[in-house]
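# Tertiary structure, described
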Amino acid sequence: MTTIIRGGTIVNADRAFRGDVLCFGDKIVAVGEQLDAPANATVVDAGGQYVMPGGIDTHTHMQLPFMGTVTADDFFTGTAAGLAGGTTTIMDFVIPDPKQSLLEAYRTWRGWARKSAGDYTFHVAVTWWDQSVHAEMGTLVREHGVNSFKHFMAYKNAIMADDETLVNSFRRALELGAIPTVHAENGELVYQLQQELLARGITGAKAHPLSRPPEVEAEAANRAIAIANVLGTPVYIVHVSCAESLEAIARARAKGQRVYGEALAGHLVIDDSVYASPDEDFARGHVMSPPFRSPHHQQALWQGLRGGNLHTTATDHCTFCAEQKAAGKDNFTRIPNGCGGVEERMAVVWDAGVNSGTLTPSEFVRVTSTNAAQIFNMYPRKGVIAVGADADLVVWDPNGTRTISAKTQFAKGGFNVFEGRTVRGIPTHTIAAGKLVFERGELRAEEGAGRHIDRPAFTTQST
Ligand code: URP
Ligand code: ZN
Ligand code: ZN
Ligand code: ZN
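The paragraphs below set out a description of the structure included in this document.

Rules of the game
- Residues numbered from 1 in each chain as written.
- Chains lettered and ligands numbered in written order.
- Predicted model: local features only at pLDDT ≥ 70, side-chain atom pairs only at ≥ 80, totals over all residues.
- Near = placed C-beta within 6 Å.
- Nonpolar A, V, L, I, M, F, W, Y, C, P; charged D, E, K, R; others polar.
- Pairing = 2+ DSSP bridges.
- Helix = DSSP H or I, 4+ residues; strand = E, 2+ residues; numbered from the N terminus.
- Axes fitted to C-alpha atoms, helices over the stretch in contact; angles between N-to-C directions.
- Contact = placed C-beta atoms within 7 Å.

### Details of the site of ligand 1
Around ligand 1, the neighbouring residues are His-61, His-183, Met-288, Ser-289, Asp-316, Cys-318, Asn-337 and Gly-338. Its residues assigned to classes, the shell around ligand 1 shows two nonpolar, five polar and one charged.

### Some details on the sheet that holds strand E15 (residues 312-314)
Strand order in the open sheet formed by eight strands is E6-E9-E10-E11-E12-E13-E14-E15, with parallel pairing between adjacent strands. The sheet is open, and its two edges are formed by strand E6 (55-60) and E15, each paired on a single side. For this sheet, the mean inter-axis angle between neighbouring strands, taken without regard to orientation, is 30°. Looking at chain direction, strand E12 (residues 179-183) and strand E13 (residues 235-237) are connected through two bridges and run parallel. Residue pairing in the sheet places Thr-181 in a bridge with Tyr-236 of E13. Relative to E6, helix H13 (residues 345-354) is tilted by about 110°, and along the sheet it contacts E6, strand E9 (87-94) and E15.

### Section: unusual backbone geometry
Ser-289 connects to Pro-290 through a cis peptide bond whose omega is -5°. For Pro-290, the position within the fold is in the loop between helix H10 (280-285) and helix H11 (295-307). Between Tyr-379 and the following residue, Pro-380, the backbone shows a cis peptide bond with an omega angle of 5°. By the secondary structure assignment, Pro-380 is in the loop between helix H14 (361-375) and strand E16 (393-403). One non-glycine residue, Tyr-155, lies in positive phi territory at about 70°. In this structure, Tyr-155 sits in the loop between strand E11 (148-152) and helix H4 (163-176). Of note in this structure, Asn-377 is not a glycine but carries a positive phi near 60°. With respect to the element layout, Asn-377 can be found in the loop between H14 and E16.

Written out as structure tokens, the structure is:
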């Protein structure tokens, strides 16, 4: 199986140049000008277009059992939607119940993910602590290609990790050469603010952001960063949504601490006015945590991405349909938290980031693919167009436009937080593991074609 992508501008994080990309099997085998290709090769004409490394979404939840229901997208529909948007690898989360074996949960998620159409890899959540967790973290790193562990500092009485768990798990991650990641929100504060709002009769979706103000996120971000500093571990903060969390990251990095931050496409372009909508279905459709913030915070996130204090873009793709969201119609704390985006991330970040002049095409590649591959140890298999890398590519038409709508999306759930947004800059072709899986609106996703990507531990000694 040979594919040649001819005549495009190849964009890597370090430079952009004209050339062809030749793929054989699942790998890139040549990059250069006017390459020879066998007569039977599939030819993709990339004239006037960019050719970029396939996107890596560092944060998705396919088929997640959460808040009494299961997300609308499973690993097939979710990864297929990603391919349609130019994302060829997702990083999803194994989330064990408190007291559940990490390995048992890991096997369950691996089973669910077998139907994936695109490549996938897992962060494993540490939701509780004892010596068996300590041991199983070791097994996951040494035998199962896991090198990142997730900690939810929110969701009290469910999956929240307390400080005992955080400190023990961060310490263990360091020993193993794995990176700790956190959902930074103070779960106790969220819980108490929720109870106060309900007691005052404020029960609709508009209460959701009131229960999770920026300070609640910033407290947890600062705490996680301080713990990481004391223990000497790196730390990665998922879905940074506010200026105050970003300031915590910037401060720590300025002092030489290894802290990474992730921005969600949704947080970059959607503001908190959505919660004021009189259409409760619409407002509930936007309930996710952390919530959408005011434009002041959005501007800060763009500055963070450009200035290098935020490193990756993701979606937290976690779709629920209107009936599922309606479980919280009389009590906002029961609205399943989560929104989609895996299909739209690349186009939304390009349109709002590159078209506005905030990001260059190479910076776009850095924050949609390369940094993710480097931070989570998939580089240079992923995140770069180079000989020997996986043939995961997106051919990008900077002049193509599309109006995003739930009516035309591949993802499930029947709702789209980017509804009605017209983006300029869209994928025309997606090549995943050497196969042309998306071509000008036509999706040829194949159930089970995705592969689990092992991510080895980092070398921990800096001698
Ligand atoms: O609201 C969200 N983000 N739902 C998914 C779980 C999480 O917190 O990432
Ligand atoms: Zn989260
Ligand atoms: Zn999440
Ligand atoms: Zn439904």
